Amino acid sequence: MMSGHTDMVLVDKKGIRIDGRTADQHRQFKVEAGVLNNADGSAYVEIGKNKVLAAVYGPRECHPRHLQNPNKAIIQCKYNMQAFSVSDRKRPGPDRRSIEISKITAEALENVVLTELYPRASIDVYIEILQANAGTRCAGLTAASVALADAGIPMRDIVPACAAGKADGKVLLDLNKEEDNYGEADVPIAIVPSTDEIVLLQMDGNMTRKEFDKAISMAVGACHELYDIQKDALKRRYSTKKEEVEEDE
Ligand code: ADP
C-alpha cells in the first residue's frame, strides 16, 4: 500500500531510517522449522516486527475433486491475516488482498516443489499472519517454503523472499510499515537461490530504471542471507528429530 506524500521524515540527513537502519540494512530475520506438532510440516518466521506461522499438509487427496490434476499435485495456499495482527482490528476472513497473496505464493512455490511426483494430490499451505508490519507476503512465502521442506516434500530448493523500495527519494532495503505507507515504491521479490531464478516480483509505486536495478540487487542480496538462515533452521530441526529417533531406539 503506497500513499505517497507525508511530512514525516523517513530518512534523516545522516541517512538513518526511523527504526535506526541504514538504507541497505534489512530487519532482523528469524526462522524456526517444525514448530507445530499436528501439521505435516511447519515454520515460524520473523522479519522485524512481522510474525508469521506456516503449516503444511500433504501430499494428500485433493478436495474438491474437480481441482485434481492427473499429471501433478496442486498447491493450495491460504494466506490469512489475523484480526489482531494490525493495530486497528482487521476484519476477519478472506478479502481481495489475501486471495491475491495466496495465489502468488502458491505460484512461487510451484516452481520448486516436485509436483509431478504426486499426480491428483493436493499440497495445502496455510499462512497465518500473527503480527504485520509491511513485508508479510515475503515473510509468509519464506515460512511456507521451510514448512514444505519440514514436511519432507521433495523440492528443488527453498524460496527466500524480501522487499526493497523507495522512500524520501532513497532506495531502501526491506521497508517497514511507515516506509511502505508513505514511501514512493515497494518491490517484493522471491528467488530460487541455487538457480538464480526470480519466482515472485511485484511493484507498487514508481522508481527510475536505475533505482529499480539497485532495489533488486539489494533485495536479492538479502534473500541470499535469509536463505542461509532458512537452511540453518532446517538443519537444527533435522538434528533434533534425529535425537528424538535415537532416544526412542
Ligand atoms: P505486505 O504485508 O506483503 O507488505 P501490503 O503492502 O499489502 O503487503 O501491506 C503492507 C502492510 O499494511 C501490511 O504488512 C500490514 O501491516 C498493513 N495492512 C495490510 N492490510 C491491512 C488491513 N486490512 N488492515 C490493516 N493493516 C493492513
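One can find the structure itself at the top, above this paragraph.
Residues numbered from 1 in each chain as written. Predicted model: local features only at pLDDT ≥ 70, side-chain atom pairs only at ≥ 80, totals over all residues. Heavy atoms only, no water.

### As for the overall build of the protein chain
Thought 1: Secondary structure summary: the protein chain contains four helices and 10 strands in total.
Thought 2: The N-to-C order of helical and strand elements in the protein chain reads β-β-β-β-α-β-α-β-β-α-β-β-β-α.
Thought 3: What you see for the protein chain is a C-alpha radius of gyration of 19 Å, in line with the 18 Å of a compact globule of 249 residues.
Thought 4: Expressed as lengths along the three principal axes of its C-alpha atoms, the size of the protein chain is roughly 60 × 45 × 40 Å.
Thought 5: Here the protein chain holds 249 residues, and 46% of them are scored as buried.
Thought 6: In the protein chain, of all internal contacts separated by at least 6 residues, the share reaching a separation of at least 24 is 68%.
Thought 7: For the protein chain, the accessible area works out to roughly 12,800 Å², and carbon and sulfur atoms hold 49% of it. (Helix = DSSP H or I, 4+ residues; strand = E, 2+ residues; numbered from the N terminus. Rg over C-alpha atoms; globule rule 2.2 N^0.38 Å. Buried < 20%, exposed > 50% of the residue type's maximum accessible area, 1.4 Å probe, protein only. Contact = heavy atoms within 4.5 Å. Areas by Shrake-Rupley, 256 points an atom, 1.4 Å probe, with all protein chains shown as cover.)

### Quick word on the environment of V113
Thought 1: Relative to the assigned elements, V113 resides in the loop between α1 (96-110) and β5 (121-131).
Thought 2: You can call V113 buried: its relative accessible area is 3%.
Thought 3: A C-alpha to C-alpha distance of 6.4 Å links V113 and R156, two positions 43 residues apart in sequence.
Thought 4: Among all residues touching V113, those that are not within four sequence positions of it are I75, I123, L148, I153, P154 and M155.

### Quick look at the packing of α1 against helix α2 (residues 136-150)
Thought 1: Packing of α1 against α2 leaves a shortest axis separation of 10 Å and a crossing angle of 45 degrees. It follows that α1 is oblique to α2 by the angle criterion. Crossing angle aside, the handedness with which α1 passes α2 is right-handed. Side by side, α1 and α2 meet where R97, E100, I101, I104, T105, A108 and L109 of the first sit next to T136, R137, L141, A144, S145 and L148 of the second.
Thought 2: Here the contact of α1 with α2 is built from residues that sort into seven nonpolar, three polar and three charged. (Axes fitted to C-alpha atoms, helices over the stretch in contact; angles between N-to-C directions. Parallel < 35°, antiparallel > 145°, perpendicular 65-115°, else oblique. Left-handed = near helix turned anticlockwise from the far one by under 90°. Nonpolar A, V, L, I, M, F, W, Y, C, P; charged D, E, K, R; others polar.)

Note that all results are geometric; they support no functional claim without further evidence.
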